[in-house]
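Observations on the model geometry
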Amino acid sequence: MRTLIITGASKGIGFKTAKLFADDGYRVINISRTVAADSRIENHSIDLSGPDAETITRTLLDDILEDGVLSLVHNAARLINDSAADSITADFRSMLDINVVAPHILNQILIPKMQPGSSITYIGSTLSEKAVANSYSYVVSKHAVVGMMRSTCQDLQGKQIHTSCVCPGFTDTEMLRTHVGEDQEILDSIASGSTFGRLVQPEEVAETIKFAATHPVINGTIIHANLGQIEN
Ligand SMILES: NC(=O)c1ccc[n+]([C@@H]2O[C@H](COP(=O)([O-])OP(=O)(O)OC[C@H]3O[C@@H](n4cnc5c(N)ncnc54)[C@H](OP(=O)(O)O)[C@@H]3O)[C@@H](O)[C@H]2O)c1
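This report concerns the structure included in the present document. As the structure is a computational prediction, the values presented were derived from the model and not from experiment.

Focus on the packing of aromatic side chains
- Per the stated rule, a full pass over the model turns up two aromatic pairs.
- Here Phe21 and Tyr26 contribute two aromatic rings whose centre-to-centre distance is 4.8 Å and whose plane-to-plane angle is 80°, an arrangement assigned as edge-to-face. A single burial state applies to Phe21 and to Tyr26, both of which are buried.
- For Lys210, the ring lying beneath its charged end belongs to Phe21, and the centroid distance is 5.5 Å.

Focus on the pattern of salt bridges
- Inspection of every chain in the model, using the stated rule, returns 13 salt bridges.
- In this structure, Glu174 engages Lys11 in a salt bridge whose closest nitrogen and oxygen atoms are separated by 3.3 Å. Note that Glu174 is positioned in helix H5 (residues 174-180) and Lys11 in the loop between strand E1 (3-7) and helix H1 (12-23), a separation of 163 residues in sequence.
- For Glu174, a relative accessible area of 49% gives the class partly exposed.
- Asp62 is paired through a salt bridge with Lys113; the nearest N and O atoms lie 3.6 Å apart. In this pair, Asp62 is assigned in helix H2 (residues 53-64) and Lys113 in the loop between helix H3 (89-110) and strand E5 (119-123), connecting sequence segments 51 residues apart.
- With a relative accessible area of 44%, Asp62 lands in the partly exposed category.
- Overall, the relative accessible area of 11% leaves Lys113 in the buried class.
- Linked by salt bridges that have partners in common, Lys19, Asp23, Asp38 and Arg40 make up one network.

Comments concerning the site of the ligand
- Among the 29 residues in the neighbourhood of the ligand, the closest are listed as Arg33, Thr34, Asn75, Tyr138 and Thr173.
- Asn75 is positioned such that a nitrogen or oxygen atom in its backbone is 2.7 Å from an oxygen atom of the ligand.
- Bound to the protein, the ligand loses 95% of the 890 Å² it would expose on its own.
- Listed by contribution, the elements that provide at least two residues to the shell around the ligand are H1, helix H4 (136-155) and H5.

Observations regarding empty space enclosed by the protein
- In total, this model carries one cavity of 30 Å³ or more according to the counting rule given.
- A volume near 40 Å³ is recorded for the largest cavity.
- Along the walls of the largest cavity sit His74, Asn75, Ala76, Ala77, Asn99, Pro103, Tyr122, Ile123, Lys142 and Val145, which together make up its complete lining.
- Secondary-structure elements contributing two or more residues to the lining of the largest cavity are H3, E5 and H4.
- Within the lining of the largest cavity, the residues separate by chemical class into six nonpolar, three polar and one charged.

A short note on the pairing of strand E6 (residues 162-168)
- Judged by how many residues are buried, E6 sits mostly within the fold: seven of seven residues are covered.
- Burial of E6 is two-sided: the residues His162, Ser164, Val166 and Pro168 facing one way and the residues Thr163, Cys165 and Cys167 facing the other way are all buried.
- Pairing of E5 with E6, which is carried by five bridges, proceeds in the parallel orientation. Residue pairing for E6: Thr121 is matched across the bridge by Ser164.
- Bridge analysis of E6 against strand E7 (residues 221-225) gives five bridges, and the strand direction is parallel. By the bridge assignment, Val166 is partnered in E7 with Ile223.

Here we look at the environment of Gly197
- Assignment of secondary structure puts Gly197 in the loop between helix H6 (184-191) and helix H7 (202-214).
- Judged by relative accessible area, which is 48%, Gly197 ranks as partly exposed.
- It is 9.6 Å that separates the C-alpha atoms of Gly197 and Ile230, two residues lying 33 residues apart in sequence.
- Those residues in contact with Gly197, other than ones at most four positions away along the chain, are Ala191 and Ser192.

Quick notes on the sheet that holds E6
- Read from one edge to the other, the open sheet built from seven strands follows the order E3-E2-E1-E4-E5-E6-E7, with strand pairing classed as parallel. The open sheet terminates on both sides in strands that have one partner only, identified here as strand E3 (41-45) and E7. Averaged over all pairs of adjacent strands, the angle between strand axes in this sheet comes to 20°, irrespective of strand direction.
- When E1 meets strand E4 (residues 70-74), the two strands line up parallel, connected through four bridges. Counterpart to Thr3 in the pairing with E4 is Leu70.
- Along the sheet face, H3 touches E1, strand E2 (27-32), E4 and E5 and points at about 165° away from the line of E4.
- Relative to the sheet, H7 contacts E4, E5, E6 and E7, its axis offset from that of E6 by approximately 165°.

Calculation criteria
- Residues numbered from 1 in each chain as written.
- Predicted model: local features only at pLDDT ≥ 70, side-chain atom pairs only at ≥ 80, totals over all residues.
- Heavy atoms only, no water.
- Phe/Tyr/Trp six-rings, centres within 6.5 Å; stacked < 30°, edge-to-face > 60°.
- Buried < 20%, exposed > 50% of the residue type's maximum accessible area, 1.4 Å probe, protein only.
- Lys NZ or Arg CZ within 6 Å of the ring centre and 35° of its normal.
- Salt bridge = Lys/Arg side-chain N within 4 Å of Asp/Glu carboxyl O.
- Helix = DSSP H or I, 4+ residues; strand = E, 2+ residues; numbered from the N terminus.
- Near = heavy atom within 4 Å.
- Polar contact = N/O pair within 3.5 Å; in protein donor to acceptor, adjacent residues only side chain to side chain.
- Areas by Shrake-Rupley, 256 points an atom, 1.4 Å probe, with all protein chains shown as cover.
- 1 Å grid on protein atoms, 1.4 Å probe; cavity = no way out; pocket = protein on both sides within 12 Å on 5 of 7 lines; lining within 4 Å.
- Points joined across faces, edges and corners; volume = space filled by probe spheres on them.
- Nonpolar A, V, L, I, M, F, W, Y, C, P; charged D, E, K, R; others polar.
- Pairing = 2+ DSSP bridges.
- Contact = heavy atoms within 4.5 Å.
- Axes fitted to C-alpha atoms, helices over the stretch in contact; angles between N-to-C directions.

Rendered as structure tokens:
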């Protein structure tokens, strides 16, 4: 049976992605702190930024997962407002733990279990390739994700495992609404930055992730899912 292992599928883009794979008959394993409300999804509650994340995750996955064709999607992430001048080191480390170190840990555990036909899909951001003010830790971590994807591509030569990085634009999820607030004027202003004049829907990103995870020809590439951003 084909298996999806995804982080952060309790909500947002991850939840829609997990549902899409489940619709297609995949076994779906989610790792997040809270659960995904869909009985087809196997939920495992782990704080991926916690001190014991590596031990807990390794024990769990060794127990429940045989070698096979695996689709691994590194989706869980945090976003905070900070800047190069005022970022608190503990917060910076915590951001790297969830956004960068957790994918590294899962790669270490799962690559040895992956048979040909498997894939590793990273979730970046528009901010994987550009920076804006006051998103310092997030920008740093999302640039690192692209480096990890490119290294993964090179290091897995000959293994028939492909990788890519899907970079969503402004997508209507809890992450965005927590970051910018619920003020409709602000949301409209953000939406007007895309050539379609609206926010990306999480289902649209989920479909892009499914495509990336199942098409080896895109190995090593970045795929933007942002409806076309208006350049000023
Ligand atoms: N929304 C956007 O506009 C946007 C734009 C660009 C890129 N992205 C990227 O898209 C991905 C999904 O974002 P989203 O908008 O769907 O975010 P979201 O709705 O906030 O969901 C984030 C997911 O990450 C999980 N998570 C966060 N901290 C965790 C931790 N310490 N341990 C385990 N799981 C944790 C959350 O689960 P629990 O809370 O249950 O732990 C949740 O399922 C992220 O990589 C994000 O950077 C989003």
